[in-house]
Amino acid sequence: MAWDEALFGWLYDAVRKRRGALPSKEELLREARLEPLVPRLRLLASALGERSLEVREAEGDGSFRDDVIFLPSRMDWASDPERNELAYVVRVAFVTTAMRCAPVSLPEDADSDERAIAAVAVADVVLRVLQEELPVAAEGCVALGAEALAGRVGCWTRARVRSTRGQRRASGCR
């Protein structure tokens, strides 16, 4: 690696870390990190996807493109680290099944809302296939999906109520 690449990488990482809010102590205690899970998730993705797939860190919530699944670097919305790790596994099962059975073609500049709408559009097909092929993953998708949605909607609702009262948005809401 040339010195200019190393310098750019260091500056890019410094800016990226600075832009994101620091996680709270509570979030750190329940978070799961992607990095140590990548080898197992890559193996799982390739087995479920019936071809060689890569798992990489995403800038945001994640997506997939070609033979690469992009996942967030950390998850902290579930109640404990084990459930957050399980969320990575369930996410890989959902994405690989969607890639195989209900492929959706989104533009490369699709935002997180467009990706979420696409996921909802294929959820019925994906969950039906998962129920037939891997029932535990289907149950995990439903249970963890409901928990994740409740956390985001609850956080959003609390923030909206507080902002209508003239208070600051609740911290920790994404």
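See above for the structure.
Residues numbered from 1 in each chain as written. Predicted model: local features only at pLDDT ≥ 70, side-chain atom pairs only at ≥ 80, totals over all residues. Heavy atoms only, no water.

What follows is about the environment of Val136. Mapped onto the secondary structure, Val136 falls in helix α6 (residues 135-164). Considering only alpha carbons, one finds Val136 and Val90, 46 residues apart in sequence, at a separation of 9.2 Å. (Helix = DSSP H or I, 4+ residues; strand = E, 2+ residues; numbered from the N terminus.)

Another aspect to go through is the sheet that holds strand β4 (residues 68-71). Ordered in space as β2-β4-β3, the three strands form an open sheet in which the pairing is mixed. At either margin of the open sheet sits one strand with a lone partner, and together these are β2 (54-57) and β3 (63-65). Mean inter-strand twist for the sheet, computed between neighbouring axes without regard to direction, equals 25°. Taken strand by strand, helix α4 (residues 81-101) contacts β3 and β4, and its axis lies near 145° from that of β4. (Pairing = 2+ DSSP bridges. Axes fitted to C-alpha atoms, helices over the stretch in contact; angles between N-to-C directions. Contact = heavy atoms within 4.5 Å.)

Another aspect to go through is the pattern of salt bridges. When charged atoms on two side chains of opposite charge get close, those side chains can pair. Per the counting criterion, the structure on display carries seven salt bridges. A salt bridge links Glu54 to Arg42, with the nearest nitrogen and oxygen atoms 3.4 Å apart. Residue Glu54 is located in strand β2, and its partner Arg42 is located in helix α3 (residues 38-49); the two are separated by twelve residues in the primary sequence. In this structure Arg42 comes out as partly exposed when scored by relative accessible area, which is 30%. A salt bridge links Asp67 to Arg51, with the shortest nitrogen-to-oxygen separation between them at 2.8 Å. (Salt bridge = Lys/Arg side-chain N within 4 Å of Asp/Glu carboxyl O. Buried < 20%, exposed > 50% of the residue type's maximum accessible area, 1.4 Å probe, protein only.)

Moving on to the environment of Tyr88. Of note, Tyr88 is situated in helix α4. Look at Tyr88 and you get buried, because its relative accessible area is 0%. Separated by 55 residues in sequence, Tyr88 and Arg33 place their C-alpha atoms 9.4 Å apart. Leave out the neighbours within four places in its chain, and Tyr88 touches Ala32, Arg33, Leu34, Leu37, Leu41, Leu71, Pro72, Ser73, Arg74 and Met75.

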